[in-house]
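# Descriptive structure summary
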Amino acid sequence: METRLDKTLEILFELKVGDAMKKDVVTVGPDDSMGKLNEEMSIHRISGVPVVEGKKLAGIISISDLIAWLTAGVKDSKVREWMVKDPQCLYADQPLIHAIKRFDQLRFGRFPVLDRESGELVGIITNGDIILGTLKKLEQDYNEEEVRQYRASHFFEDINADHLDLTLAFIISGKDFDHAGRASTTMKKNLKRLGLQPDIIRRAAIASYEAEMNVVIYTDGGTMKFTVNDEKLTIIVKDRGPGIENIELAMQEGYTTAEPWVRELGFGAGMGLPNIKKCSDFMDLQSVVGEGTTLKIEIMTGVHNETKRINPEARS
Amino acid sequence: MLMPHGCTASIPCRKIIIMILREAVELLEADVQYTQSSQLEADIKTARASDLMSEVLADDAVPDILLTGLCNSHVIRTASVFGIKAVVFVRGRPVDHKLIDCALDENIVVMTTKDSLFTSCGKLYTAGVRGVTENLKHRDSAE
């Protein structure tokens with residue numbers, strides 16, 4: 001019965017020689033002595049070494065060449081005299097399947113790998129590297145598939161309504177530094193599972209983390225509410241005071257009222273609010289001294305909104 | 001073992017090698033406090049050194065590794081929020097179990113080195129790792 005390994009075959013076409021090769025290559029120079037080669041081979045337990053002159057590959061020398069030298073009994077011999085000149089090579093951008101065919105045709109133990117443009121040696125590949133590279137890729141694909149299945153991204157597709165909002169709320173304790181940031185990192189994981197784009201998740205995580213740290217550092221506590229729909233992600237952060245006296249001043253980069261111990265935690269540099277603004281598509285800060293502050297952040301989630309943000313500096 | 005043995009002086013080894021995290025650990029003589037084995041195979045091209053977490057969060061690009069003298073779990077949270085794979089705590093600061101618990105939750109590689117921030121950065125730079133903003137400039141000028 002014929003065994004079909006479609007997935008593996010697909011991977012062998014997809015993976016490039018450069019993905020599977022060993023990058024830390026032991027090399028020798030053509031003018032190195034054969035004695036040194038012998039040493040290198042036994043130290044590293046390898047059976048073949050590329051010979052490099054300048055940046056270019058000059059040849060390859062293997063254990064059979066070494067044996068030939070030992071048998072000949074010539075002393076003070078150089079690698080240049082025993083190496084195989086103009087060896088067969090592979091290029092880093094060739095698909096792995098091509099490498100397998102070459103191994104099969106030529107029955108070599110290894111191939112030096114060159115960069116196509118510069119012609120420089122970038123690695124070395126053996127049959128073992130091909131197997132390991134393929135297995136690694138299979139495992140990676142398997143993990144990704146697991147994550148995909150675990151995702152809740154089909155939530156919005158499975159639940160039918162004219163309009164759907166998913167709201168998740170967190171309670172933030174003031175001055176609780178051990179747990180500060182928990183809401184933001186938890187929310188980051190939730191957004192990942194909801195299948196939002198990585199760039200949006202990152203911006204949302206940074207903005208909410210800065211906001212959460214502000215609540216922990218400066219206030220007596222509050223709440224964070226994340227609302228996701230197919231258009232945007234809204235984050236509303238409310239605290240119970242003391243409130244911000246001058247919002248305009250607070251928004252200025254570098255302005256801070258933080259005490260030294262806040263700075264010791266790595267915060268309080270007056271960069272939080274400006275950074276929240278930078279990460280969001282819309283930001284609104286309302287505050288009443290003695291009552292509290294409400295921060296509203298909006299980040300567009302629709303795919304068609306991505307193009308708007310190519311240059312974040314252009315926005316004011 | 002950053003430079004491969006048997007590499008003659010005329011060959012710029014750095015060109016051949018892109019540093020991986022495992023090599024950075026060896027170079028910094030660091031003690032790894034938390035990792036999953038496969039994470040140590042990650043490529044390290046860029047780094048950032050800062051004790052100010054909000055400064056890190058305000059950057060336009062994400063470094064592969066963060067070096068800091070600040071030693072609390074907020075460094076881990078910052079790394080997680082920003083998408084940094086690994087954190088190096090310099091000057092042999094002791095890391096407590098709260099920090100390790102946090103690293104476990106967020107799956108961030110944590111290591112400590114006895115070297116100073118300056119020395120650690122110097123070692124990485126010599127090995128070809130570049131600053132994250134510097135890398136950005138390079139990319140921009142190439143375009």
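Residues numbered from 1 in each chain as written. Chains lettered and ligands numbered in written order. Predicted model: local features only at pLDDT ≥ 70, side-chain atom pairs only at ≥ 80, totals over all residues. Heavy atoms only, no water.

## Some words on the overall build of chain A
Tallying secondary structure elements over chain A gives 13 helices and 11 strands in all. Relative to its full complement of 316 residues, chain A shows a buried share of 43%. Contacts in chain A between residues far apart in sequence, at least 24 positions, make up 62% of those at least 6 positions apart. Of the roughly 17,500 Å² of accessible surface on chain A, 52% is carried by carbon and sulfur atoms. (Helix = DSSP H or I, 4+ residues; strand = E, 2+ residues; numbered from the N terminus. Buried < 20%, exposed > 50% of the residue type's maximum accessible area, 1.4 Å probe, protein only. Contact = heavy atoms within 4.5 Å. Areas by Shrake-Rupley, 256 points an atom, 1.4 Å probe, with all protein chains shown as cover.)

## What to know about the pairing of strand β8 (residues 221–228) of chain A
Residues and elements named next belong to chain A. Of all eight residues in β8, six are buried, a share of seventy percent or more. With eight bridges joining them, strand β7 (residues 166–173) and β8 adopt antiparallel strand pairing. Its bridge partner being in β8, Phe170 is matched across the sheet by Met224. (Pairing = 2+ DSSP bridges.)

## Re the packing of aromatic side chains
All names here are of chain A. Enumeration according to the criterion identifies five aromatic pairs over all chains in this entry. For the pair Tyr209 and Phe267, a centre-to-centre distance of 5.9 Å together with 75 degrees between the ring planes defines the contact as edge-to-face. Taken together, the residues Tyr209 in helix α10 (residues 198–218) and Phe267 in the loop between α12 (260–264) and α13 (272–279) connect sequence positions 58 residues apart. Accessibility expressed as a relative area gives 0% for Tyr209, which makes it buried. (Phe/Tyr/Trp six-rings, centres within 6.5 Å; stacked < 30°, edge-to-face > 60°.)

## Let's talk about the packing of helix α4 (residues 73–82) of chain B against helix α5 (residues 97–106) of chain B
All names here are of chain B. Relative orientation of the contacting elements α4 and α5 amounts to 15 degrees, with a least axis distance of 8 Å. In terms of axis orientation, α4 runs roughly parallel to α5. Here α4 runs over α5; the crossing is right-handed. Facing α4, whose interface residues are Ser73, Ile76, Arg77 and Ser80, α5 presents Lys98, Leu99, Cys102, Ala103 and Glu106. Taken together, the residues that form the contact of α4 with α5 break down as four nonpolar, two polar and three charged. (Axes fitted to C-alpha atoms, helices over the stretch in contact; angles between N-to-C directions. Parallel < 35°, antiparallel > 145°, perpendicular 65-115°, else oblique. Left-handed = near helix turned anticlockwise from the far one by under 90°. Nonpolar A, V, L, I, M, F, W, Y, C, P; charged D, E, K, R; others polar.)

## Considering the layout of surface pockets
All names here are of chain A. Volume-wise, the second largest pocket comes out at about 680 Å³. Together, 32 residues line the second largest pocket, and Tyr218, Ile244, Ala250, Thr257 and Leu273 are the ones closest to its centre. For the lining of the second largest pocket, the secondary-structure elements that each account for two or more residues are α10, β9 (232–239), α13 and β11 (292–300). In terms of residue count, α10 provides more of the lining of the second largest pocket than any other element does, six residues in total. (1 Å grid on protein atoms, 1.4 Å probe; cavity = no way out; pocket = protein on both sides within 12 Å on 5 of 7 lines; lining within 4 Å. Points joined across faces, edges and corners; volume = space filled by probe spheres on them.)

## Description of the confidence of the model for chain B
All names here are of chain B. Confidence along chain B averages 82 in pLDDT terms, with 81% of residues attaining 70 or more. Per-element averaging of pLDDT across chain B places helix α1 (residues 13–16) at the bottom with 42 and strand β3 (residues 65–68) at the top with 96. Counting interchain partners and residues more than four positions distant, the pLDDT-below-50 stretch residues 1–16 has 40 contacts. Across the assembled chains, the prediction reports ipTM 0.77 with pTM 0.62. (pLDDT = per-residue confidence, 0-100.)

## As for the side chain of Arg48 of chain B
Residues and elements named next belong to chain B. Position of Arg48 among the secondary structure elements: in strand β2 (residues 46–49). Engagement of the side chain of Arg48 in a polar contact is seen with the side chain of Asp59, the distance being 2.5 Å. Discounting chain neighbours no more than four positions away, the residues touching Arg48 are Glu55, Val56, Asp59, Pro63, Ile65, Leu66, Leu67 and Val132. (Polar contact = N/O pair within 3.5 Å; in protein donor to acceptor, adjacent residues only side chain to side chain.)

## Topic: the packing of α10 of chain A against α13 of chain A
All names here are of chain A. Viewed as axis vectors pointing N to C, α10 and α13 meet at an angle of 155 degrees, and their least axial separation amounts to 9 Å. Comparing the axis directions of α10 and α13 gives the class roughly antiparallel. The chirality of how α10 crosses α13 is left-handed. In this structure, α10 contributes Arg203, Ile206, Ala207, Glu210, Ala211 and Asn214 to the contact, and α13 contributes Gly272, Leu273, Asn275, Ile276 and Cys279. Residue composition of the contact of α10 with α13, grouped by class: six nonpolar, three polar and two charged.

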